[in-house]
Amino acid sequence: MGKELYETSPVAKEYFEKANEILGFRITDIMFEGSDEQLRQTRVTQPAVFLHSVITAIAQGEEFCPDMVAGHSLGEFSALTAAGALTFEDGLKLVYKRALAMQNACEMQQSTMAAILGLEDEIVEKICKEISDQGETVLAANYNCPGQLVIGGEKAAVTRAGELAMAAGARRLMPLRVSGPFHTPLMQPAADALAARFETQAFGEMRFPVLFNCLGHEKGDETIPSLLVRQVRESVYMEDTIRRLMELGVDTVIEIGPGRALSGFVAKTAGNAISCYAIEDAASLEAAVSAVLE
């Protein structure tokens, strides 16, 4: 993750090495050569994804100037950093603090997440409510796109919800390889641990709008710290975010960071209304720039 960028861009290499110093360990060694098990640790995954996304954007220099930005879950911190609300250093420190708090919360319980495909949101929500009313906890976590809703909660409850969803006609159930029930009330201990830290953080003026996860649109009178706390324990409204981009006249989205999941969400939500390009490496960057400048 990010190795090619490190080896080909002096600017990127400088920022990666700066990140090693800030974190106090060589996260680049894990990103470039680590095992899947090492990378899946929340304390590693979150800063690693943040670094890959933000440094890819930084390496583009002044050419990187979108009209607006949005991120999915952790990506919200990348978006805030890109928009200038956070410096690179502060963004990384907050992400690492968040990762540790969330990992601690996950270790307090046996929990997991799963994606349910091909079933209406209302049916999935009803299934989750029925199970939760019986004393176990499972809730909707990520509203990613039409026909894809991620649930999170106690392991037994998530398993039961998946079974009921398949019985109700879901096309597929995908257990997620994550360490906890992110974006559900079970993450309240992490939200509590982070609230004071977010409140003491100085946020700069945003150079362009940021669409927030727990809203699905730009913020109003809410403060950034309060929205970041809510994001830890509340659902991610990605589908609403994409629809808001369409309302604002966005016709091109560039996904920056590892993977192409968000490009899929955009395609399933916006269809041909938005062109989407995913940047993971030098080749995909060149292809995206060429397509956008045509």
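Before reading on, note that the structure itself is shown above.
Overview of the structure.

Basis of the calculations
Per chain, residue numbering runs from 1 following the sequence as it is written. Note on the predicted model: pLDDT of at least 70 is required for a residue's local features to be given, and 80 or more for side-chain atom pairs to be given and counted; whole-chain, interface and lining totals, by contrast, use all residues. Excluding hydrogens and water, the side-chain values take into account all heavy atoms of the structure. In this description a helix means any DSSP run of H or I spanning at least four residues, a strand means any run of E spanning at least two, and both kinds are numbered starting from the N terminus. Each residue is placed in one exposure class: buried if its accessible area under a 1.4 Å probe, protein chains only, is under 20% of its type's maximum, exposed if it is over 50%, and partly exposed if it falls in between. Contacts were defined at the residue level, with two residues in contact if any of their heavy atoms lie within 4.5 Å. A pair of strands counts as paired when DSSP detects no fewer than two bridges linking them. Note on geometry: axes are lines fitted to C-alpha atoms, helical ones only across the stretch in contact, with angles between N-to-C directions running from 0 to 180 degrees. Aromatic pairing here means that ring centres of Phe, Tyr or Trp (its six-membered ring) are within 6.5 Å. Orientation follows from the plane angle: under 30 degrees is stacked, over 60 is edge-to-face, and everything else is tilted. Should the NZ of a Lys or the CZ of an Arg lie within 6 Å of a ring centre and within 35 degrees of the ring normal, that charge is described as sitting over the ring. A crossover gets the label right-handed when its path from the first strand over the helix to the second runs clockwise, viewed with the strands pointing away from the viewer. Definition of a polar contact: a pair of N or O atoms within 3.5 Å, with one able to donate and the other able to accept a hydrogen when the atoms are protein atoms, and with sequence-neighbouring residues admitted only if both atoms are side-chain atoms. These descriptions rest on fixed angle ranges, namely under 35 degrees for roughly parallel, over 145 for roughly antiparallel, 65 to 115 for roughly perpendicular, and the rest for oblique. For any helix crossing, the convention is left-handed if the near helix is rotated counterclockwise from the far helix by under a right angle, and right-handed if that rotation is clockwise. Under the grouping applied here, Gly and all other residues not named as nonpolar or charged are polar, the nonpolar ones being Ala, Val, Leu, Ile, Met, Phe, Trp, Tyr, Cys and Pro and the charged ones Asp, Glu, Lys and Arg. Criterion for a salt bridge: a side-chain nitrogen of Lys or Arg within 4 Å of a carboxyl oxygen of Asp or Glu.

Residue placement: Cys276 occurs in strand S10 (residues 275–279). Of the residues examined, Cys276 reaches a relative accessible area of 24% and is grouped as partly exposed. For Cys276 and Ala140, which are 136 residues apart along the polypeptide, the C-alpha to C-alpha distance reads 26 Å. Aside from chain neighbours lying at most four places away, what touches Cys276 is Val253, Ser263 and Val266.

Strand order in the open sheet formed by five strands is S5-S2-S4-S3-S8, with mixed pairing between adjacent strands. Whereas interior strands pair on both sides, the edge strands pair on one side only; in this sheet they are strand S5 (172–176) and strand S8 (236–237). The sheet strands contacting helix H9 (residues 155–167) are strand S2 (111–117), strand S3 (138–145), strand S4 (148–154) and S5, and the helix crosses S4 at an angle near 145 degrees. On the sheet, helix H12 (residues 238–247) packs against S3 and S8 and is oriented at approximately 25 degrees with respect to S3.

Turning our attention to the packing of aromatic side chains. The way to describe two aromatic rings as a pair is by their centre distance and the angle between their planes. Taken as a whole, this structure holds eight aromatic pairs when the rule is applied. Ring centres 5.9 Å apart and planes at 80 degrees place the aromatic pair Phe16 and Phe32 in the edge-to-face group. One end of the pair, Phe16, is in helix H2 (residues 10–23); the other, Phe32, is in helix H3 (residues 27–33), with 16 residues separating them in the sequence. A residue is classified by how much of its surface remains accessible, and Phe16, at 0% relative accessible area, is buried. Through a chain of ring-to-ring contacts, the aromatic side chains of Tyr6, Phe16 and Phe32 assemble into a single cluster. Looking at Lys18, its charged tip hangs above the ring of Tyr15, at a distance of 4.6 Å from the centre. Here Arg43 stacks its cationic end above the ring of Phe25, 4.9 Å away from the centre of that ring.

With that settled, the discussion passes to the pairing of S10. Judged from the five bridges that link them, strand S9 (residues 252–256) and S10 form a sheet pairing that is parallel. Residue pairing in the sheet places Ile254 in a bridge with Tyr277 of S10. Tracing the backbone out of S9, into helix H13 (residues 261–270) and back to the parallel element S10 gives a crossover that is right-handed.

Moving on to the side chain of Gln148. Topologically, Gln148 is positioned in strand S4. At 2.9 Å, the side chain of Gln148 forms a polar contact with the side chain of Asn144. Setting aside chain neighbours within four positions, we find Gln148 in contact with Ile116, Leu117, Asn142, Tyr143, Phe265 and Lys268.

Moving on, we get to the packing of H2 against helix H7 (residues 88–107). Relative orientation of the contacting elements H2 and H7 amounts to 50 degrees, with a least axis distance of 11 Å. When the interaxial angle is binned, H2 and H7 end up oblique. In terms of crossing hand, the pair formed by H2 and H7 is right-handed. Residues Tyr15, Lys18, Ala19, Ile22 and Leu23 of H2 touch H7, and the partners they reach there are Phe88, Glu89, Leu92, Lys93 and Tyr96. Looking at side-chain class alone, the contact of H2 with H7 contains seven nonpolar, no polar and three charged residues.

Note that Asp90 resides in helix H7. Each C-alpha atom of the pair Asp90 and Ile22 lies 9.7 Å from the other, and the pair is 68 residues apart in sequence. Here the side chain of Asp90 touches Gln201 through a polar contact of 3.1 Å, side chain to side chain.

It is worth spelling out the pattern of salt bridges at this point. Any two side chains of opposite charge can pair, so long as their charged atoms come close to each other. Within the structure shown, the criterion is met by ten salt bridges. Glu218 is the partner of Arg244 in a salt bridge, and the nearest nitrogen-oxygen pair spans 3.0 Å. Of the two residues, Arg244 is situated in helix H12 and Glu218 in strand S7 (residues 217–218); the sequence distance between them amounts to 26 residues. Taking the relative accessible area as the measure of exposure, Glu218 reaches 24% and is therefore partly exposed. Close ionic contact of Glu239 with Arg243 constitutes a salt bridge, the shortest N to O distance being 2.9 Å. In this pair, Glu239 and Arg243 both sit in helix H12, four residues apart, roughly one turn of the helix. Looking at Glu239, the relative accessible area reads 14%, which means it is buried. Salt bridges linked by common partners bring Glu17, Arg26 and Asp29 together as one network.

This next bit is on the packing of helix H5 (residues 42–58) against helix H6 (residues 75–82). With their axes 9 Å apart at the nearest point, H5 and H6 run at an angle of 30 degrees to one another. Judged by the angle between their axes, H5 and H6 are roughly parallel. Seen from above, H5 lies across H6 with right-handed handedness. Across from Phe50, Ser53 and Val54 in H5, the residues of H6 making contact are Phe77, Ser78 and Thr81. Looking at the contact of H5 with H6, its residues break down into three nonpolar, three polar and no charged.

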